[in-house]
Amino acid sequence: MKKLTVALVGNPNSGKTTIFNALTGSRQKVGNYPGVTVEKKEGFFVKDGRRVEIVDLPGTYSLSAYSVEELVTRNYILDNKPDLVIDVVDASNLERNLFLAVQLIEMRVPLVLVFNMVDIAKNRGYHFDIEALSNLLDSRIVETVGSKGEGVDELVSVILDSENCSNSLAKINYGNEIEKELAKIDSLLDHEHELLKHYNRRWLCVKLLENDKQIISEIKSKELLEALSSSQQRLRSIYNDDAEILIADRRYGFISGACEETVKSSVESRHEMSDKIDKIVTMPVVGLLIFAVVMFVVFWLTFTLGSYPMAWIEKAIDSLSRLIENHWPDSVSLELKSLIIDGILGGVGGVIVFLPNILLLFLGIAYLEDTGYMARAAFIMDRIMHKIGLHGKSFIPMLIGFGCSVPAIMSTRILENRRNRLTTIMIIPLMSCGAKLTVYTLFIPAFFAVQYRAVVMFSLYVIGIVLAIICARLLRATVFKGETTPFVMELPPYRMPTAKGLLIHMWENGWQYLQKAGTVILLISIVLWAATRYPRPNDEEMSKFKQNSAAAQAFELERSISGRVGRAIEPVIKPLGFDWKIGTALIGSVAAKEVFVSQLGIVFSLEETKGDNESLRQTLRDNYDKLTAFCIMLFTLISAPCFATVAVTWKETKSIKWALFQFVGLTILAYILTLATYQIGSLFIG
Ligand code: GDP
Ligand code: MG
């Protein structure tokens with residue numbers, strides 16, 4: 001006869017023994033677990049040609065290694081690997097009882113949840129949306145009233161059907177910081193073959209971080225033990241709490257979120273204050289308004305307050321290059337001087353300038369995350385973002401993208417799902433960032449009458465957003481296709497972030513950013529510097545320009561690699577309405593979009609006109625028409641992101657493939673759309 005073993009677990013007094021009795025009747029025997037004074041109750045029933053053996057395990061609230069009951073229950077499940085685990089849940093005290101359930105879910109055992117005592121729950125005014133909850137927990141749920149035998153028949157048929165019951169895949173997200181530590185632990189697990197054979201990998205990571213005595217005692221690798229204690233220490237220094245408590249908080253957050261959406265109740269809840277805040281911040285309209293205000297404050301902090309230290313850094317870099325310029329010994333190569341001033345200081349300086357923005361932005365985000373508000377904000381935005389196949393949290397990086405793509409892409413770290421994150425990274429450059437604005441503010445006043453300027457500007461922003469939405473949907477349907485797991489609004493308790501925790505976040509992100517500036521961006525700056533400087537015309541050619549340094553510069557640029565490439569690509573960009581001068585400036589704009597403006601100034605051999613672009617605008621009017629101007633802006637909006645963005649995408653996705661995909665993909669998109677705009681526009685205008 002085919003045999004099935006079933007383990008019954010649950011909180012004390014949830015009705016476990018009642019269910020056990022209802023299933024097995026009198027076919028039971030009572031014994032003891034070896035070595036401990038914990039009662040062991042076993043029984044069986046026979047149905048449909050199968051013998052179902054049931055063990056009534058000791059009642060527990062959790063599966064840590066603190067009490068004998070917990071250990072007995074846990075080890076029975078882990079060692080005996082029953083065909084099915086039935087968690088008897090007191091439905092009248094659901095959130096507390098689900099704490100055990102989520103731990104079973106994380107162990108990835110074949111699981112059925114029995115919502116017992118639904119009679120009491122209903123009397124207390126609870127109403128459960130069992131289907132939705134079952135979806136969120138990815139587990140089967142059977143409602144019972146054990147004392148009356150209600151629901152027991154259904155439970156029996158679920159047991160007999162247990163071969164078709166797949167393990168729950170519901171995932172509890174522990175928040176950025178804890179997840180980071182879990183990932184570190186995970187990366188050190190590869191050699192722990194024994195442990196991995198025995199336990200689910202993710203569960204193992206969580207247990208280790210929780211400092212579970214029993215599991216830790218099974219570890220041999222010293223490296224792993226050291227990593228563990230440093231992870232635990234790090235979390236303690238950020239949150240002022242032990243990892244174990246933080247993890248429990250997150251589990252409760254997951255449970256509250258799942259219940260918030262599926263359990264209607266007419267009873268006052270236990271966390272009153274938190275609930276009241278949540279009621280308000282998750283209201284459809286008011287919640288959005290609050291979110292808008294919060295984001296406005298973060299932005300104000302980032303870009304307005306940040307502009308002061310930004311100016312100081314600019315000044316410092318400026319003084320430094322002037323210092324070098326003035327004190328450069330004649331005996332040392334002028335090429336080296338240009339490399340240092342224009343290549344290195346110019347390139348890396350342009351990146352370091354954003355450091356205050358990055359620090360402040362991440363301070364703001366860390367604050368929102370650590371207080372617990374971010375989880376709620378994500379929920380509010382999720383309704384909208386879900387429609388384009390993204391997570392509610394994707395909204396924040398996209399918003400930051402209007403300032404600058406670099407911090408925006410870094411901030412996608414708040415997204416846990418990789419496909420989601422990649423999609424968001426890909427579309428961020430379609431937001432009109434601050435550097436693109438310099439191009440718009442050059443061309444719009446030059447070509448459009450006052451009353452149309454705002455409209456043109458607005459239309460560029462809207463085009464970017466619409467394209468981002470279309471691209472996101474396309475990417476989610478193709479390259480980044482993947483199941484959208486049901487979204488549990490997580491409601492971790494609100495907490496006051498510690499200053500130390502916030503500073504650690506800020507510092508870590510700032511440091512990573514600087515490392516980038518020091519490596520990839522430095523390299524690219526030098527390459528681009530060389531491309532606009534070499535090969536140099538000889539002295540004889542230059543002697544023509546003795547009196548006219550602007551013309552000399554223009555000539556140098558024309559002769560340089562980027563000038564030549566600009567000319568070479570002229571046939572390709574001609575159908576877009578662009579000539580080689582624009583081509584050359586576009587190549588420069590790959591370094592940074594604002595370089596487009598200064599490069600145009602150089603190719604038209606204009607004397608530098610600081611802060612006032614009127615003469616450049618006049619020149620542009622003389623050379624181009626409205627349609628071309630619009631096409632230039634359109635191309636700037638969509639085309640290849642600047643190199644800082646490419647570098648960050650590369651680093652964040654850990655793959656040059658995605659950086660190239662973004663670079664090439666957006667350029668092709670820009671080409672096609674600009675081509676269409678120019679050609680169709682020419683029909684009407686020309
Ligand atoms: P255990 O500690 O989990 O084994 O819980 P028991 O099975 O001993 O049940 C505790 C008490 O709850 C007993 O008095 C049961 O009669 C009662 N009980 C069990 N299930 C239900 C139920 O569905 N509804 C109600 N009202 N009482 C129940
Ligand atoms: Mg009992």
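Residues numbered from 1 in each chain as written. Chains lettered and ligands numbered in written order. Predicted model: local features only at pLDDT ≥ 70, side-chain atom pairs only at ≥ 80, totals over all residues. Heavy atoms only, no water.

Asks: Can you lay out the site of ligand 1 for me, pointing to particular residues and giving the numbers?
Replies: Within the structure, ligand 1 sits among 15 residues, and Asn13, Lys16, Thr17, Thr18 and Gly146 are positioned closest to it. Within the contact set of ligand 1, an oxygen atom lies 2.7 Å away from a backbone nitrogen or oxygen of Asn13. Between Ser147 and ligand 1, the recorded distance is 3.3 Å, taken from a side-chain N or O atom to a nitrogen atom. In the complex, the protein chains occlude 68% of the 580 Å² of accessible area that ligand 1 would expose alone. Of all the secondary structure elements, the ones that give two or more residues to the shell around ligand 1 are helix H1 (16–24) and helix H4 (118–123). The greatest single-element share of the shell around ligand 1, amounting to 3 residues, is contributed by H1. Its residues assigned to classes, the shell around ligand 1 comprises 4 nonpolar, 9 polar and 2 charged. (Near = heavy atom within 4 Å. Polar contact = N/O pair within 3.5 Å; in protein donor to acceptor, adjacent residues only side chain to side chain. Areas by Shrake-Rupley, 256 points an atom, 1.4 Å probe, with all protein chains shown as cover. Helix = DSSP H or I, 4+ residues; strand = E, 2+ residues; numbered from the N terminus. Nonpolar A, V, L, I, M, F, W, Y, C, P; charged D, E, K, R; others polar.)

Asks: Tell me about a nonpolar patch on the surface, and please be specific about residues and values.
Replies: On the surface, Val293, Phe296, Val297, Trp300, Leu305, Tyr308 and Trp312 cluster together into a nonpolar patch covering about 800 Å² of accessible area. For the nonpolar patch, the secondary-structure elements that each account for two or more residues are helix H14 (284–305) and helix H15 (307–327). In terms of residue count, H14 provides more of the nonpolar patch than any other element does, 5 residues in total. Within the element layout of this structure, Val293 appears in helix H14. (Patch = residues over 30% accessible without salt bridge, like charges linked within 9 Å, V, L, I, M, F, W, Y side chains within 5 Å. Salt bridge = Lys/Arg side-chain N within 4 Å of Asp/Glu carboxyl O.)

Asks: Can you explain the pattern of salt bridges? Please cite residues and give values.
Replies: If you walk through the whole model with that rule in mind, you get 29 salt bridges. In this structure, Glu181 engages Lys184 in a salt bridge whose closest nitrogen and oxygen atoms are separated by 3.1 Å. Separated by 3 residues within a single helix, Glu181 and Lys184 lie in helix H7 (residues 175–187), roughly one turn from each other. Of the residues examined, Glu181 reaches a relative accessible area of 0% and is grouped as buried. (Buried < 20%, exposed > 50% of the residue type's maximum accessible area, 1.4 Å probe, protein only.)

Asks: So, the environment of Ser562: which residues are in play, and what are the values?
Replies: You can see Ser562 is positioned in helix H27 (residues 561–568). On the basis of relative accessibility, which here comes to 2%, the residue Ser562 falls in the buried class. Taking the C-alpha atoms as reference points, Ser562 and Gly588, separated by 26 residues in sequence, lie 7.5 Å from one another. Not counting chain neighbours up to four residues away, the residues in contact with Ser562 comprise Ala531, Thr532, Leu557, Thr584 and Ile587. (Contact = heavy atoms within 4.5 Å.)

Asks: Provide a residue-level description of the packing of helix H3 (residues 94–107) against helix H9 (residues 201–209), including the pertinent values.
Replies: Packed helix pairs are characterised by how far apart their axes lie and by the angle those axes make with each other. Where H3 meets H9, the closest approach of the two axes is 7 Å, and the angle between their N-to-C directions is 125 degrees. Classified by the angle their axes make, H3 and H9 are oblique. Contacts between H3 and H9 involve Gln103, Glu106 and Met107 from the first element and Trp203, Val206 and Lys207 from the second. Residues that form the contact of H3 with H9 fall into these classes: 3 nonpolar, 1 polar and 2 charged. (Axes fitted to C-alpha atoms, helices over the stretch in contact; angles between N-to-C directions. Parallel < 35°, antiparallel > 145°, perpendicular 65-115°, else oblique.)

Asks: So what's going on with the packing of aromatic side chains? Residues and values would help.
Replies: The geometry of two aromatic rings is summed up by the distance between their centres and the angle between their planes. In the structure shown here, the tally under the stated rule is 15 aromatic pairs. Ring geometry for Phe402 against Tyr461: centres 5.8 Å apart, planes inclined by 25 degrees, an arrangement best described as stacked. Of the two residues, Phe402 sits in the loop between helix H19 (395–400) and helix H20 (405–410) while Tyr461 sits in helix H23 (residues 450–477), which places them 59 residues apart along the sequence. Since its relative accessible area comes to 26%, Phe402 is described here as partly exposed. Residue Tyr461 is classed as partly exposed on the basis of its relative accessible area of 21%. Seen from their ring centres, Phe578 and Phe635 are 5.8 Å apart, and the 85 degrees between their planes marks the pair as edge-to-face. With a gap of 57 residues between them, Phe578 in the loop between helix H28 (570–573) and helix H29 (580–589) and Phe635 in helix H32 (residues 626–638) connect regions that are remote in the sequence. Taken individually, Phe578 and Phe635 each receive the classification buried, so the pair is uniform in this respect. Of the aromatic side chains, those joined through ring pairs into one cluster are Phe115, Tyr126 and Phe128. Its end group placed over the ring of Tyr494, Arg376 keeps NZ or CZ at 4.0 Å from the ring centre. Just above the ring of Trp580 sits the side chain of Arg567; from NZ or CZ to the centre is 4.2 Å. (Phe/Tyr/Trp six-rings, centres within 6.5 Å; stacked < 30°, edge-to-face > 60°. Lys NZ or Arg CZ within 6 Å of the ring centre and 35° of its normal.)

Asks: Please give an account of unusual backbone geometry that cites residues and values.
Replies: The omega angle of the peptide bond from Tyr534 to Pro535 is -10 degrees, so this bond is cis rather than trans. For Asp48, which is not glycine, the phi torsion reads 50 degrees and is therefore positive. By the secondary structure assignment, Asp48 is in the loop between strand E3 (39–47) and strand E4 (50–56). Backbone geometry at Lys81 places phi at a positive 40 degrees, although glycine is not the residue there.

Asks: If you had to explain the state of the cysteines to someone new, which residues and values would you point to?
Replies: Under the definition given, this model contains 0 disulfides. Among the cysteines around Cys404, which has no disulfide bond, Cys433 carries the closest sulfur, lying 6.2 Å off. By relative accessible area, which is 11% here, Cys404 ends up buried. (Disulfide = S-S within 2.5 Å.)

Asks: Residue-level account of the domain arrangement of the chain, with values.
Replies: Once the domains are mapped, the chain shows domain 1 (2–164), domain 2 (176–265) and domain 3 (271–533 + 624–686). Computed from C-alpha coordinates alone, the two centres of domain 1 and domain 2 are separated by 25 Å. On the domain 2 side, the residues contacting the 28 residues of domain 1 number 22 residues. Across the domain 1 to domain 2 interface the summed buried area is about 2300 Å²; carbon plus sulfur atoms make up 60%. The three residues of domain 1 that bury the most area against domain 2 are Glu95, Phe99 and Glu106, which together make up 25% of that side's buried surface. Taken together, domain 1 and domain 2 are joined by 2 salt bridges. With its nearest N and O atoms 2.7 Å apart, the salt bridge here joins Asp212 to Arg74. Here domain 1 is connected to domain 2 by 9 residue pairs in polar contact (both at pLDDT 80 or more). Elements with a minimum of two residues in the side of domain 1 that touches domain 2: helix H2 (68–80), H3, strand E7 (126–128) and helix H5 (130–137). (Domains from an automatic or database assignment. Buried area = accessible area lost by both parts, 1.4 Å probe.)

Asks: Run through the pairing of strand E6 (residues 111–116), naming residues and quoting values.
Replies: The buried fraction of E6 is high, at 6 of 6 residues. Burial along E6 is two-sided: the residues Leu111, Leu113 and Phe115 and Val112, Val114 and Asn116 are all buried. Both strand E5 (residues 84–90) and E6 contribute to a ladder of 6 bridges, which runs parallel. Note that in E6 the partner of Val89 across the bridge is Phe115. With H3 bridging E5 and the parallel E6, this β-α-β connection has right-handed handedness. (Pairing = 2+ DSSP bridges. Right-handed = clockwise from strand over helix to strand, strands pointing away.)

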